[in-house]
Amino acid sequence: QVRLVESGGGLVQAGGSLRLSCLTSGSRFSINAMGWYRQAPGNQRELVATITSAGNTNYADSVKGRFTISKGNAENSVYLQMNSLKPEDTAVYYCNAVVTVLGFGVRNYWGQGTQVTVSS
């Protein structure tokens, strides 16, 4: 079993910054890629940013130049630095991990979500 725990959400004024963290725990697995998704009320969950085990990154057009995804030194964590936040960034942010579990193949895991609210 792989568990993801997010932290770092909160309330911030437009133009401000927040840093989200996601830590994975469990055993007998390797991480293929991790990422952040978000879901605003009434909307579908959408990709924000992803990073592969090789360090390749991908961003939604709406956050390019403002958000930065990075891996932790321990390789079992991922961070999302969010700068120049806008009210439209308000959403629940979810951490995602695509992992290979020894003996079980590739699995997809989600965190519980952390609320980010940007006031105008």
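Up top is the structure.
All figures in this text were calculated on a predicted structure; none of them were measured in a lab.

Asker: So what's going on with the state of the cysteines? Which residues, and what values?
Answerer: The tally for this structure, following the rule as stated, stands at 1 disulfide. In this model Cys-22 forms its disulfide with Cys-95; the gap between the sulfur atoms is 2.1 Å. Disulfide Cys-22-Cys-95: torsion about the S-S bond near -85°, hence left-handed. Residue Cys-22 is located in strand E3 (residues 18-25), and its partner Cys-95 is located in strand E9 (residues 91-101); the two are separated by 73 residues in the primary sequence. The same class applies to Cys-22 and to Cys-95, which are both buried.

Asker: Residue-level account of the environment of Gly-10, with values.
Answerer: Relative to the elements of secondary structure, Gly-10 occurs in strand E2 (residues 10-13). Residue class for Gly-10 comes out partly exposed when judged on its relative accessible area of 24%. Expressed as a C-alpha distance, the spacing of Gly-10 and Val-118, which sit 108 residues apart in the sequence, is 8.4 Å.

Asker: I'd like a description of the nonpolar core, backed by residues and values.
Answerer: Ranked by size, the top nonpolar core spans 31 residues in total, and within it Trp-36, Leu-80, Met-82 and Tyr-93 carry the most contacts. Among the elements of the structure, E3, strand E4 (29-39), strand E5 (46-52), strand E7 (67-71), strand E8 (77-82), E9 and strand E11 (114-119) are those that each provide at least two residues to this core. For this core, the element with the highest residue contribution is E9, accounting for 6 residues. With residues near it in sequence (within four places) discarded, Met-82 still touches Gly-16, Ser-17, Leu-18, Leu-20, Arg-66, Phe-67, Tyr-93 and Val-116.

Asker: An account of the side chain of Asp-89 is needed here, citing residue identities and associated values.
Answerer: Within the secondary structure, Asp-89 sits in the loop between E8 and E9. Polar contacts involving the side chain of Asp-89 include one to the side chain of Arg-38, which spans 3.0 Å. Within polar-contact distance, the side chain of Asp-89 engages the backbone nitrogen of Lys-86 at 2.8 Å. Residue contacts for Asp-89: discarding those within four places in its chain leaves Arg-38, Arg-66, Phe-67, Ser-84, Val-116 and Val-118.

Asker: Report on the packing of aromatic side chains, specifying residues and quantitative values.
Answerer: To describe a pair of aromatic rings, you give the distance between the ring centres and the angle between the ring planes. Here the structure, examined in full by the defined rule, presents 1 aromatic pair. Ring centres 5.1 Å apart and planes at 70° place the aromatic pair Tyr-37 and Trp-110 in the edge-to-face group. Of the two residues, Tyr-37 sits in strand E4 while Trp-110 sits in strand E10 (residues 105-110), which places them 73 residues apart along the sequence. Among the residues examined, Trp-110 registers a relative accessible area of 35% and is labelled partly exposed. Note that Arg-45 overlies the ring of Tyr-94, its terminal NZ or CZ placed 3.7 Å from the centroid.

The rules behind each value
- Residues numbered from 1 in each chain as written.
- Predicted model: local features only at pLDDT ≥ 70, side-chain atom pairs only at ≥ 80, totals over all residues.
- Heavy atoms only, no water.
- Disulfide = S-S within 2.5 Å.
- Helix = DSSP H or I, 4+ residues; strand = E, 2+ residues; numbered from the N terminus.
- Buried < 20%, exposed > 50% of the residue type's maximum accessible area, 1.4 Å probe, protein only.
- Core = buried A, V, L, I, M, F, W, Y, C linked by side-chain atoms within 4.5 Å.
- Contact = heavy atoms within 4.5 Å.
- Polar contact = N/O pair within 3.5 Å; in protein donor to acceptor, adjacent residues only side chain to side chain.
- Phe/Tyr/Trp six-rings, centres within 6.5 Å; stacked < 30°, edge-to-face > 60°.
- Lys NZ or Arg CZ within 6 Å of the ring centre and 35° of its normal.

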